[in-house]
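Topology and contacts: notes
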Amino acid sequence: MNIAEAILKYLKETGVDCIFGIPAGIIGPIYDALIDVDMKPIITKNEAGAAYMAARYASTSGKLAVCAGAGAVGVANMMNGIADAMRAKAPLLVITGYVNRWQIGKGAIQEMDAQHIVRPITKYSNTVMNEAEVMAELDKAVRIALTPPFGPVHISVPIDVQRMEAPPSLPAAPDPALLQRIPFDPAELDRAAALLNEAEHGLIMVGRGGRAAAEEIMRLSERLQWPIITTPSAKGIIPADFPLNLGNYGFSSTDAAFEYVNASPASCLLILGTSLGEASTCNFNEALVAGRKVIHIDRDGKEPGKVFKTDAAVVADLQDAVPYLLRQAQPAPGAFKKPLPLNEPYELNHTGLSLRLFLEKLSKVMPRDTRYVCDIGEFTNFVLKYLEVPAGGDFEINLNYGAMGSAMAGGPGLYLADSSRPVAVIAGDGSFFMNGSEVLTAKEYKLPITYIIINNAMLSYVERGQKFLYNRTMPDYKQERISIADMMRTAGIRTMSVDRLEDMDEIPGFVREMAGPCLIEVNTDGSEPAPILDRLKALKK
Ligand SMILES: Cc1ncc(C[n+]2csc(CCOP(=O)(O)OP(=O)(O)O)c2C)c(N)n1
Ligand SMILES: [Mg+2]
């Protein structure tokens, strides 16, 4: 067995079931060895797509995702996806090939120092020159990726090393469940419980870390009668119709969430599983915590206290911490009354199709258990505020990194990690033109993903943003309208167009029994004012 084969054998034993990437000469032995193992190669159209797919695969499942490509040209294309995985705390292993050891320094084709280029956006990055050390280095990198806080790791292996005979004994594959256990301090949790019981009114803020303990969080919310607000990354964790869910807070808050944070008697804030990034805090606005006792529980010890001062900081897994609090929490005497609807009524203040009304209707025409993956653009503000994700569904976005095109390419990653529920990508025309070629990867592998493309024929976020910030814009942000549905139809993708809300009634039939991806083009004229002021005001600060 050569080293390339040994690497794949080890990964297979670790539970890896697919590898994302594009082959190249210097990673050839690994792609050759892939033919003989039971692991699905996902050959994307661009390594950027491979890295985003792997990032979404890992960020939604917590499973190790693997991306393999050329050390120079391949890893340069992967950069955005690796950085995305870093901000999403997603366990991603990047394996790149390097030139032969004897060629180093001579100017070989595709010679580039990938190790140091990706170092700041990984938890670990190394080039393994000594064949005796490859497997131990691989094992070390994988364990680092799978130890909370998860993150991307990289190893680079010269092509001649990949071809050499592997040592007879290989490291034992890690047990991810064991690596993920976090011991917690019950005394800190007791302090947190005391603070909960002292406060008459309170508020629970749930971040993406809450995904693992959603049921228990809802039981705690019911026991205390404290409403829940969710960060953009946690959208979909608590069903929209849960009687204590006030919806999204931070970037494009619902009106109800904003109101409760800014004008409620809540004297205690329980923060669960969020890094409190700019997008979750209205640009680190103290309004969230002002005059309140603050409890922050996260499994990443760097988070509690990083942004806001805490009265109790607990480093623990929410699956342990929330049931513990639930056992100690006193039931509330009164009942919280959720204000409905969560947002001010719609007013016609634009021409063309309303994106708000489209999104308010979307979850009623899509399968209830759809997992939405949202890209980055002005439409994102509408999605966060107005899309309601019902019980059984889910939502995924990486707003902390905020890369356009991340969901266009990332959608297949979600489906490959868990094919039990449908996946729908929501993206703009700009995001489509950036990474839309990965729709064809979904076609190649017959992945039944619904791409919902909001086509306003412009980069609306920059068009509106530049106008707001600098009082002028340039015509180049607007583009001649191109029918994305026509383009994709030529490539053999099933498409439909939505020009009026009534067209949406065809969606249930259109997305039934899919044998591959389909695309719904939503044509708007971009004139509807978006709830975008938070982000723009933050840029002005
Ligand atoms: C990779 C990347 N480049 C640039 C940006 C800055 N940016 C944010 S949104 C946006 C425009 C997005 O256009 P589109 O997808 O059409 O959505 P719209 O804003 O029109 O709703 C740009 C350029 C970014 N976030 N990511
Ligand atoms: Mg656009």
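Heads up: the structure comes first, above all this text.
Presented here is a report on the structure given in the accompanying data block. Just so it is clear, the model here is predicted, and its values are computed rather than measured. (Residues numbered from 1 in each chain as written. Chains lettered and ligands numbered in written order. Predicted model: local features only at pLDDT ≥ 70, side-chain atom pairs only at ≥ 80, totals over all residues. Heavy atoms only, no water.)

1. Describing the site of ligand 1
What counts here: Proximity is defined per residue: if any heavy atom of the residue lies within 4 Å of a molecule or strand, that residue is considered near it. Between N or O atoms, a polar contact is any pair within 3.5 Å; within protein, one atom must be a potential hydrogen donor and the other a potential acceptor, and residues adjacent in sequence are included only when both atoms are from side chains. A 1.4 Å probe and the Shrake-Rupley method give the accessible areas. Residues count as covered only by the protein chains that appear here. Strands are runs of DSSP state E lasting at least 2 residues, helices are runs of H or I lasting at least 4, and numbering of each runs from the N terminus. Any residue that is not Ala, Val, Leu, Ile, Met, Phe, Trp, Tyr, Cys, Pro, Asp, Glu, Lys or Arg is counted as polar, Gly included; the first ten are nonpolar and the last four charged.
Surrounding ligand 1, one finds 18 residues, the nearest of these being Glu378, Asp429, Gly430, Met458 and Ser460. Note that an oxygen atom of ligand 1 is positioned 2.9 Å from one of the backbone N or O atoms of Ser431. Asn456 is positioned with one of its side-chain polar atoms (N or O) 3.0 Å from an oxygen atom of ligand 1. Expressed as a share of its isolated accessible area of 580 Å², the protein-covered part of ligand 1 is 79%. Per-element accounting of the shell around ligand 1 gives the leading share, 4 residues, to helix H16 (residues 429-435). Of the residues assigned to the shell around ligand 1, the class counts are 9 nonpolar, 7 polar and 2 charged.

2. Considering the coordination of the magnesium ion (ligand 2)
Inclusion rule: Only nitrogen, oxygen and sulfur atoms qualify as donors, provided they sit within 2.8 Å of the metal or within 3.2 Å for Na, K and Ca; with water excluded from the atoms, sites may seem incomplete. The rule is simple: take the accessible area with a 1.4 Å probe, protein chains only, and divide by the maximum for that residue type; under 20% is buried, over 50% is exposed, in between is partly exposed.
At the metal site, the magnesium ion (ligand 2) is ligated by Asp429 (OD), Asn456 (OD1) and Met458 (O), and these contacts range over 2.0 to 2.1 Å. Residue classification places Asn456 among the buried residues on the basis of a relative accessible area of 12%.

3. Concerning the environment of Phe336
So the rule is basically this: We call two residues contacting when some pair of their heavy atoms lies within 4.5 Å.
As for its position among the elements, Phe336 is in the loop between helix H12 (318-328) and helix H13 (355-365). C-alpha separation for the pair Phe336 and Val153, spaced 183 residues apart in sequence, amounts to 45 Å. In contact with Phe336, other than residues within four places in its own chain, are Gln225, Pro227, Pro243, Leu244, Leu246 and Tyr260.

4. Some details on the sheet that holds strand E16 (residues 449-455)
Applied cut-off: Two strands qualify as a pair provided DSSP detects at least 2 bridges between them. Axis geometry follows a simple rule: fit a line to the C-alpha atoms, using only the stretch in contact for helices, then measure angles between N-to-C directions, giving values from 0 to 180 degrees.
Read across the sheet, 6 strands follow the order E14-E13-E15-E16-E18-E17 without closing on themselves; strand pairing throughout is parallel. Bordering the open sheet on either side are strand E14 (394-396) and strand E17 (494-498), each of which pairs with just one other strand. For this sheet the average axis-to-axis angle between neighbouring strands, irrespective of direction, equals 20°. Across 6 bridges, the pairing between E16 and strand E18 (residues 518-523) is parallel. Considered in E18, the bridge of Asn455 is made with Asn523. Taken strand by strand, H13 contacts strand E13 (371-374), strand E15 (423-428), E16, E17 and E18, and its axis lies near 165° from that of E16. Where helix H14 (residues 378-386) meets the sheet, its contacts fall on E13, E14, E15 and E16, and the angle it forms with E15 comes to roughly 135°.

5. What about the packing of helix H10 (residues 214-224) against H12?
Spelled out, the test is: We call two directions roughly parallel when the angle between them is under 35 degrees, roughly antiparallel when it is over 145, roughly perpendicular when it lies between 65 and 115, and oblique otherwise. Handedness of each helix crossing follows the sense of rotation of the near helix against the far helix: counterclockwise by less than a right angle gives left-handed, clockwise gives right-handed.
It is at 9 Å that the axes of H10 and H12 come closest, and there the two elements cross at 25°. Classified by the interaxial angle, the pair formed by H10 and H12 is roughly parallel. Our pair here, H10 against H12, has a crossing hand that is left-handed. Touching Glu216, Ile217, Arg219, Leu220 and Arg223 of H10 are Val322, Pro323, Leu325 and Leu326, all from H12. Across the contact of H10 with H12, the residue classes break down as 6 nonpolar, no polar and 3 charged.

6. Some remarks on the environment of Lys302
Secondary-structure assignment places Lys302 in the loop between strand E11 (293-298) and strand E12 (312-315). Look at Lys302 and you get exposed, because its relative accessible area is 59%. For the pair Lys302 and Ala65, spaced 237 residues apart in the sequence, the C-alpha separation amounts to 24 Å.

7. Observations regarding the layout of surface pockets
Heads up, the rule is: Think of a 1 Å grid over just the protein atoms. A cavity is a set of points where a 1.4 Å probe fits yet cannot get out, a pocket is an open set with protein on both sides within 12 Å along at least five of seven lines, and lining residues have an atom within 4 Å of a point. Grid points are joined across faces, edges and corners, and a volume is the space filled by probe spheres set on the points.
Taken as a whole, the largest pocket spans an internal volume of roughly 1200 Å³. Taken together, 45 residues form the lining of the largest pocket, with Ala88, Lys89, Arg208, Gly209 and Arg299 sitting closest to its centre. Within the residue set of the lining of the largest pocket, elements represented by two or more residues are helix H3 (47-61), helix H4 (73-88) and H12. If you tally residues by element for the lining of the largest pocket, the top one is H3, at 4 residues. Here the residues of the lining of the largest pocket are counted per class, giving 14 nonpolar, 17 polar and 14 charged.

8. Some points on helix H11 (residues 255-262)
Under the convention used in this document: The reported arc concerns the directions from the helix axis to the C-beta atoms and nothing else.
Buried residues of H11: Ala256, Ala257, Tyr260 and Val261, and no others. Each buried residue of H11 sits inside an arc of 130° when the element is viewed along its axis, so together they form one side. Against strand E7 (202-206), strand E8 (228-230) and strand E9 (245-248) lie the buried residues of H11.

9. Concerning the packing of aromatic side chains
Note the threshold: The pairing test for Phe, Tyr and Trp rings, Trp by its six-membered ring, is centres within 6.5 Å, and the orientation test on the planes gives stacked under 30 degrees, edge-to-face over 60, and tilted for anything in between. Definition used: whenever NZ (Lys) or CZ (Arg) falls within 6 Å of the ring centre and also within 35 degrees of the ring normal, the charge is taken to sit over that ring.
Per the counting criterion, the structure on display carries 5 aromatic pairs. Note on Tyr260 and Phe336: the rings are 5.7 Å apart at their centroids and 85° apart in plane angle, and the pair reads as edge-to-face. Of the two residues, Tyr260 sits in helix H11 while Phe336 sits in the loop between H12 and H13, which places them 76 residues apart along the sequence. Note on Tyr260: relative accessible area 12%, which makes it buried. Sitting over the face of the ring of Phe150, Arg299 holds its NZ or CZ atom 4.7 Å from the ring centroid. Taking the ring centre of Phe510 as reference, the NZ or CZ of Arg494 above it sits at 4.4 Å.

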